[in-house]
Amino acid sequence: MAASGGIGMGLVEGKIAIVTGGAANIGEACARMLAANGASVAIADIDDEGARRVASAIVATGGNAIALKVDLGDEASVAAMVAAAVDEFGRIDVLHNNAANTGAQQMTRDRSLAEMESEVWDAAFDINVRGTMFVTKHVVPHMIAAGGGSIVNTSSGVSLLGDVLNPAYSASKAAVNALTRNTATQFGRANIRCNAVLPGLVLSPVARAQMTDHQLAMIQRHVLLPRESVADDIAGAVLWLASDLSGFVTGQIISADGGIAHHQPHYADMLDMFAAMPG
C-alpha cells in the first residue's frame, strides 16, 4: 500500500466527505487517501490543531480540505460541525465515523470487568457509540436530500472476539457493528449504504511506541500475512467502501486485519511444529 494519500485513481472524485477523528493515525490516513482520490474532506476532531495540520497538508498537495472542531460527547457540537461542513461544501456524500475514545488513560483503566469503573465504561460508549450515532443522525438527512451516500464506521476486530483486556472498548465496538446494520437497514431505500471496517492491530507511531518487541512478535505470529498493518491498509478499505465500486455493498462488517481473526486458534503453534520437523 502506498503512503498516506496514495492510490490517486480518482475513485471518489467530486464527492464530499466528513472524517471524524481525522487528526491522526487511521483517521488522518483515511482523510488523506479520500482527498488524494478526488474528495473534498472535512476533518472533524476534538484536536483542533491536529485537524488543521492534516487539512493544511492536504491543501498543500493540491487537495481540498477543511478542519472542524467537534466534541462527539456533545450533540450540539456535532450538529454544528455537520452544519459547517454543509455550509462549506453544499452536501455530504461520504461519512467516515472513525473517532473513538482510545486515549492512554482510558485504555489503561479499561481492564478487568470485576474491577470496572462505571465512568470508564460510560466514557467508551459515550464517544464510540453515542458519538457515532449523533454524527449519523445529523448527516443522514443531508444524504437523503442529496439522493444517497456512503457511511463507513470504524469498528475493531475485538468487537467479535473475547480478550483479556479492554472489555468496555470491545463491547462498544460490538455496538458499532449493530449500529452499522441498523443504519443500513433503516436508510437503504434512501440509497444510503452503511458498512463497518474492523482493523486488527494497526502500527501507528503511538501504538508501536507503547509495545515491546516481544508483544509485537506475539501478535504478529497470528497474522496470516507476512507484514505488520499500517493505517493505509484501513484507508484503502474505507476508500473502496466510500466509492461507487462498492455500490451494492451495505450492512457488512468487514475485517481488515491480515486474517488474525480467521484461522484455527492453534495456527501459530502448528507453524512452529512444522518448522521443527526434519525436512
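Our structure is the block above this text.
Procedures and definitions
- Residues numbered from 1 in each chain as written.
- Predicted model: local features only at pLDDT ≥ 70, side-chain atom pairs only at ≥ 80, totals over all residues.
- Heavy atoms only, no water.
- Helix = DSSP H or I, 4+ residues; strand = E, 2+ residues; numbered from the N terminus.
- Rg over C-alpha atoms; globule rule 2.2 N^0.38 Å.
- Buried < 20%, exposed > 50% of the residue type's maximum accessible area, 1.4 Å probe, protein only.
- Contact = heavy atoms within 4.5 Å.
- Lys, Arg positive; Asp, Glu negative; His and termini not counted.
- Charge placed at Lys NZ, Arg CZ, Asp CG, Glu CD.
- Axes fitted to C-alpha atoms, helices over the stretch in contact; angles between N-to-C directions.
- Parallel < 35°, antiparallel > 145°, perpendicular 65-115°, else oblique.
- Left-handed = near helix turned anticlockwise from the far one by under 90°.
- Nonpolar A, V, L, I, M, F, W, Y, C, P; charged D, E, K, R; others polar.
- Core = buried A, V, L, I, M, F, W, Y, C linked by side-chain atoms within 4.5 Å.
- Pairing = 2+ DSSP bridges.
- Phe/Tyr/Trp six-rings, centres within 6.5 Å; stacked < 30°, edge-to-face > 60°.

Considerations on the overall build of the protein
The number of helices and strands found in the protein is 10 helices and 7 strands. Taking 2.2 N^0.38 as the reference for a compact globule, 279 residues should give roughly 19 Å; the C-alpha atoms of the protein span a radius of gyration of 19 Å, in line with that estimate. Across the 279 residues of the protein, 46% fall into the buried class. Put simply, of all contacts in the protein between residues at least 6 apart along the chain, 74% involve residues at least 24 apart. Here the protein contributes 17 positive and 27 negative side-chain charges, whose respective centroids are spaced 4 Å apart.

Let's talk about the packing of helix α1 (residues 25–36) against helix α2 (residues 48–60)
At a closest axis distance of 10 Å, the pairing of α1 and α2 adopts a crossing angle of 25 degrees. Our classification of the angle between α1 and α2 gives roughly parallel. In the packing of α1 onto α2, the handedness of the crossing is right-handed. Within the contact between the two elements, α1 uses Glu-28, Ala-31, Arg-32 and Ala-35 and α2 uses Arg-53, Val-54, Ala-57 and Ile-58. When its residues are assigned to classes, the contact of α1 with α2 shows 5 nonpolar, no polar and 3 charged.

Observations concerning the nonpolar core
Judged by nonpolar contacts, the single largest core of 33 residues is most densely connected at Leu-34, Val-41, Ile-43, Ile-58, Val-197 and Ile-234. A total of 8 residues in this core trace back to one element, the largest contributor, which is helix α9 (residues 231–242). Grouped together as the second largest cluster of nonpolar side chains are 27 residues, Ala-42, Val-78, Val-86 and Leu-95 included.

Section: the sheet that holds strand β4 (residues 94–97)
Each strand in a sheet pairs with another by means of backbone hydrogen bonds, the pair being arranged parallel or else antiparallel. Strand order across the open sheet formed by 7 strands is β3-β2-β1-β4-β5-β6-β7, with parallel pairing between neighbours. On the outer flanks of this sheet lie β3 (64–69) and β7 (253–256), each paired with one strand and no other. The sheet shows a mean angle of 20 degrees between the axes of neighbouring strands, taken without regard to direction. Sheet contacts for α9: β4, β5 (149–154), β6 (192–199) and β7; angle to β6, the most-contacted strand, approximately 170 degrees.

A short note on the packing of aromatic side chains
Evaluation of the coordinates by the stated rule reveals 1 aromatic pair. Ring centres 5.2 Å apart and planes at 25 degrees place the aromatic pair Trp-121 and Phe-125 in the stacked group. Of this pair, Trp-121 and Phe-125 both sit in helix α5 (residues 118–146), 4 residues apart, which is roughly one turn of the helix. Exposure remark for Trp-121: the relative accessible area of 30% places this residue in the partly exposed category.

Any functional reading would require information beyond the geometric quantities listed.
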